[in-house]
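Chain residues, written in single-letter form:
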Amino acid sequence: MKFFIDTADINEIKEAASYGLLDGVTTNPTLVARTGKKFRQVLEEICAIVDGPISAEVTAVDYETMRREAEELASIHPNIVVKIPLILEGLKCVRWCSEHDIDTNVTLCFSPTQALLAAKAGATYISPFVGRLDDIAHEGMEMVRQIIEIYDAYDYETEVLVASVRHPLHVLDAARMGADVCTMPLSVIAQLVKHPLTDLGLARFLEDAKKVPR
Ligand code: G3P
């Protein structure tokens with residue numbers, strides 16, 4: 001399973017990249033707004049750090065403007081993946097992008113049938129938002145399971161990119177289901193490595209090592 005970091009914060013991206021486990025980056029307008037920097041500058045900085053897919057979201061909601069934005073974003077760097085909302089105009093833009101060799105990440109997916117439409121439109125990635133479904137008492141990971149089932153049944157090439165990940169259990173479930181990608185905040189990546197028995201065991205080994213003559 002590929003690990004993407006879900007942030008536009010350059011320091012967090014550098015930190016995650018230093019672990020040697022980072023395969024790509026996802027951003028959204030909220031995450032970019034938090035940086036206080038210009039959109040293009042943020043994207044260029046990220047592209048200079050990570051050699052992998054970097055999702056950058058369009059902000060238009062009509063096909064023509066979205067298409068122009070998609071072309072503009074894709075021209076910034078070959079690693080840019082154009083993030084497009086799961087609305088009808090967006091699906092039209094996804095189809096256009098797939099016919100023009102522009103990678104897409106279809107975002108704000110909250111149902112398996114929406115994901116089916118994205119795959120039919122030729123999306124490179126589908127982003128089911130699991131945490132936000134959990135927030136309203138629907139099982140986010142059950143949506144992912146059904147998307148994988150549908151994509152497998154028809155051999156769709158669209159990659160399942162689990163998004164809105166809030167904790168390590170989402171990552172565990174995504175990996176067990178065979179999701180292609182999990183995008184997560186730096187805090188979740190850091191939580192994955194933690195185990196109290198590792199810390200306890202290491203403390204004991206280090207203590208005992210002091211007793212061994214070198
Ligand atoms: O990038 C989209 C997604 O991962 C957002 O997550 O936590 O705002 O629901 P969240």
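Before reading on, note that the structure itself is shown above.
This is a predicted model, so every value here is computed, not measured.

Draft legend 1. Structural context of the site of the ligand. The immediate surroundings of the ligand are formed by Asp-6, Asn-28, Lys-83, Phe-129, Arg-132, Ala-163, Ser-164 and Arg-166. For the ligand, an oxygen atom lies 2.6 Å from a polar atom in the side chain of Arg-132. Within the side chain of Arg-166, an N or O atom sits 3.0 Å from an oxygen atom of the ligand. For the ligand, whose unbound accessible area comes to 310 Å², protein coverage reaches 83%. Of the residues in the shell around the ligand, the class split is two nonpolar, two polar and four charged.

Draft legend 2. Fine view of the environment of Asp-51. You can see Asp-51 is positioned in the loop between α3 (39–49) and β3 (54–57). Residues Asp-51 and Val-25, 26 residues apart in the sequence, show an inter-C-alpha distance of 9.6 Å. Here the side chain of Asp-51 touches Asn-79 through a polar contact of 3.1 Å, side chain to side chain.

Conventions and cut-offs
Residues numbered from 1 in each chain as written. Predicted model: local features only at pLDDT ≥ 70, side-chain atom pairs only at ≥ 80, totals over all residues. Heavy atoms only, no water. Near = heavy atom within 4 Å. Polar contact = N/O pair within 3.5 Å; in protein donor to acceptor, adjacent residues only side chain to side chain. Areas by Shrake-Rupley, 256 points an atom, 1.4 Å probe, with all protein chains shown as cover. Nonpolar A, V, L, I, M, F, W, Y, C, P; charged D, E, K, R; others polar. Helix = DSSP H or I, 4+ residues; strand = E, 2+ residues; numbered from the N terminus.

Remember, this is a structural readout, not a statement about activity or role.
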